[in-house]
Amino acid sequence: MVLSLALAVVGGAVIGLLLSVFGGGGSVLATPLLIYVVGVTDTHVAIGTSAAAVAVNAALGLATQARAGRVKWPCALVFGGAGLAGSLAGAHLAKLIDGDQLLVWFAGAMALVALSMLAPRKTQGDPSVRLNASLTLKLAPLGLAVGLAAGFFGIGGGFLIVPGLMAATGMTLANAAASSLVSVVLFGGATSASYGLSGLINWPVFLSLVAGGGLGALAGAPVAQRLAGHADVARRSFAVLVLLTAAYVAFRALT
């Protein structure tokens, strides 16, 4: 048990570091890490535990982004509020599916995350975007769909939320990345609450993940600065790592 918790701390630190350096996408490694490294044998417990840890880490990041004034609160709350029901529905549906079958679906989600990281990013947009009726009609359906996916897979969903916010509102990448954390907190909180009520969260492992994530986030800032000149290469290398992990997860689940 002690070894498992120590591995969870180390794994949380790695995920926190990756999230700090690369942004969205890092949390998708949490569930495979819990299953294949930490030794959590129940797929649903691994998903519930990782969702809870992702929600806490996202809340810490949101506090930082809010102080910096980057969060577009009205747009973020419409997107996240609409997706809240979707995340609860997705979590309920996932709990009804066999663990191995769920891992196959999860591997597919990981592959999508990796491919999204390989796609070029546009940073330009409107920094003064304001919520109106037209934007609300765009944000709500997108939020519902993304929330469903985030709840089903037990992931933050930032790789879907950021481009969704940018496409619907035209906001900048910086504003979208900051605003996406509102949804990550809501989706992760709803998903983990659903799993927690079903007794599918390993709380000692959760605390270890959160502790490690905090350490990794602190270490991530200087690493991100050193990689600033090689951001594209680093991001693509990380995307390849996620793809390879997805292939391993699918192989293990199918065999």
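Residues numbered from 1 in each chain as written. Predicted model: local features only at pLDDT ≥ 70, side-chain atom pairs only at ≥ 80, totals over all residues. Heavy atoms only, no water.

Participant: Hey, could you go over the packing of aromatic side chains for me, with residue numbers and the actual values?
Facilitator: Taken as a whole, this structure holds five aromatic pairs when the rule is applied. Seen in terms of ring centroids, Tyr 36 and Tyr 248 are 5.2 Å apart; in terms of plane orientation they differ by 75°. Their pairing is edge-to-face. You can see Tyr 36 sitting in helix H2 (residues 30–38) and its partner Tyr 248 sitting in helix H10 (residues 231–254), a full 212 residues away along the chain. When the ring of Trp 203 is compared with that of Phe 206, the centres are 5.5 Å apart and the planes differ by 90°; the resulting orientation is edge-to-face. With a gap of three residues between them, Trp 203 and Phe 206 both fall in helix H9 (residues 203–226), about one helical turn apart. Here Phe 206 falls in the buried class, since its relative accessible area comes to 11%. Over the aromatic face of Tyr 195 sits the side chain of Lys 95, whose NZ or CZ is 5.8 Å from the ring centroid. (Phe/Tyr/Trp six-rings, centres within 6.5 Å; stacked < 30°, edge-to-face > 60°. Helix = DSSP H or I, 4+ residues; strand = E, 2+ residues; numbered from the N terminus. Buried < 20%, exposed > 50% of the residue type's maximum accessible area, 1.4 Å probe, protein only. Lys NZ or Arg CZ within 6 Å of the ring centre and 35° of its normal.)

Participant: Got a sec to walk through the nonpolar core? Specific residues and values, please.
Facilitator: One broad rule of soluble globular proteins: the nonpolar side chains tend to lie buried together. Counting residues in hydrophobic clusters, the biggest one holds 45 residues, and the most contacted among them are Val 28, Leu 29, Leu 34, Val 38, Met 110, Tyr 195 and Val 242. For this core, the elements supplying multiple residues, two or more each, are helix H1 (2–22), H2, helix H3 (43–67), helix H4 (73–95), helix H5 (99–118), helix H6 (133–153), H9 and H10. Looking at this core, the element that brings in the most residues is H5, giving nine residues. Those residues in contact with Tyr 195 that sit more than four places away from it in its chain are His 44, Ile 47, Gly 48, Ala 91, Ala 94, Lys 95, Leu 200 and Ile 201. Membership of the second largest hydrophobic core comes to 26 residues, among which are Ala 58, Val 146, Leu 181 and Val 184. (Core = buried A, V, L, I, M, F, W, Y, C linked by side-chain atoms within 4.5 Å. Contact = heavy atoms within 4.5 Å.)

Participant: An account of the side chain of Thr 245 is needed here, citing residue identities and associated values.
Facilitator: Structurally, Thr 245 can be placed in helix H10. Accessibility expressed as a relative area gives 18% for Thr 245, which makes it buried. A polar contact is formed between the side chain of Thr 245 and the backbone oxygen of Leu 241, at a distance of 2.8 Å. For Thr 245, the contacting residues outside a window of four places in its chain are Leu 29, Pro 32 and Met 110. (Polar contact = N/O pair within 3.5 Å; in protein donor to acceptor, adjacent residues only side chain to side chain.)

Participant: An account of the confidence of the model for the chain is requested, with residue identities and associated values reported.
Facilitator: Mean pLDDT over the chain: 87, with 93% of residues reaching 70 or higher. When the elements of the chain are averaged for pLDDT, H1 gives the smallest value, 82, and H4 the largest, 95. (pLDDT = per-residue confidence, 0-100.)

Participant: Before we move on, could you go through H3 and cite the residues and values that matter?
Facilitator: An ideal rise of 1.5 Å per residue puts 36 Å on 25 residues; H3 measures up with 36 Å between its terminal C-alpha atoms. In this structure Asp 42 caps H3, since a side-chain oxygen of it lies 2.8 Å from the backbone nitrogen of His 44. At the C-terminal side of H3, Gly 69 shows a positive phi close to 75°. (Expected span 1.5 Å × (residues − 1).)

Participant: With reference to specific residues and values, describe the packing of H3 against helix H8 (residues 173–197).
Facilitator: One can describe the packing of H3 onto H8 by two numbers: an axis separation of 7 Å at closest approach and a directional angle of 150°. Classed by the angle they form, the pair H3 and H8 counts as roughly antiparallel. The interaxial crossing formed by H3 with H8 has left-handed handedness. For the pair H3 and H8, contact is made by His 44, Ile 47, Gly 48, Ala 51, Ala 52, Val 54, Ala 55, Ala 58, Ala 59, Gly 61, Leu 62 and Gln 65 and by Ala 178, Leu 181, Val 182, Val 184, Val 185, Gly 188, Gly 189, Thr 191, Ser 192 and Tyr 195, respectively. Per-class residue counts for the contact of H3 with H8 are 14 nonpolar, eight polar and no charged. (Axes fitted to C-alpha atoms, helices over the stretch in contact; angles between N-to-C directions. Parallel < 35°, antiparallel > 145°, perpendicular 65-115°, else oblique. Left-handed = near helix turned anticlockwise from the far one by under 90°. Nonpolar A, V, L, I, M, F, W, Y, C, P; charged D, E, K, R; others polar.)

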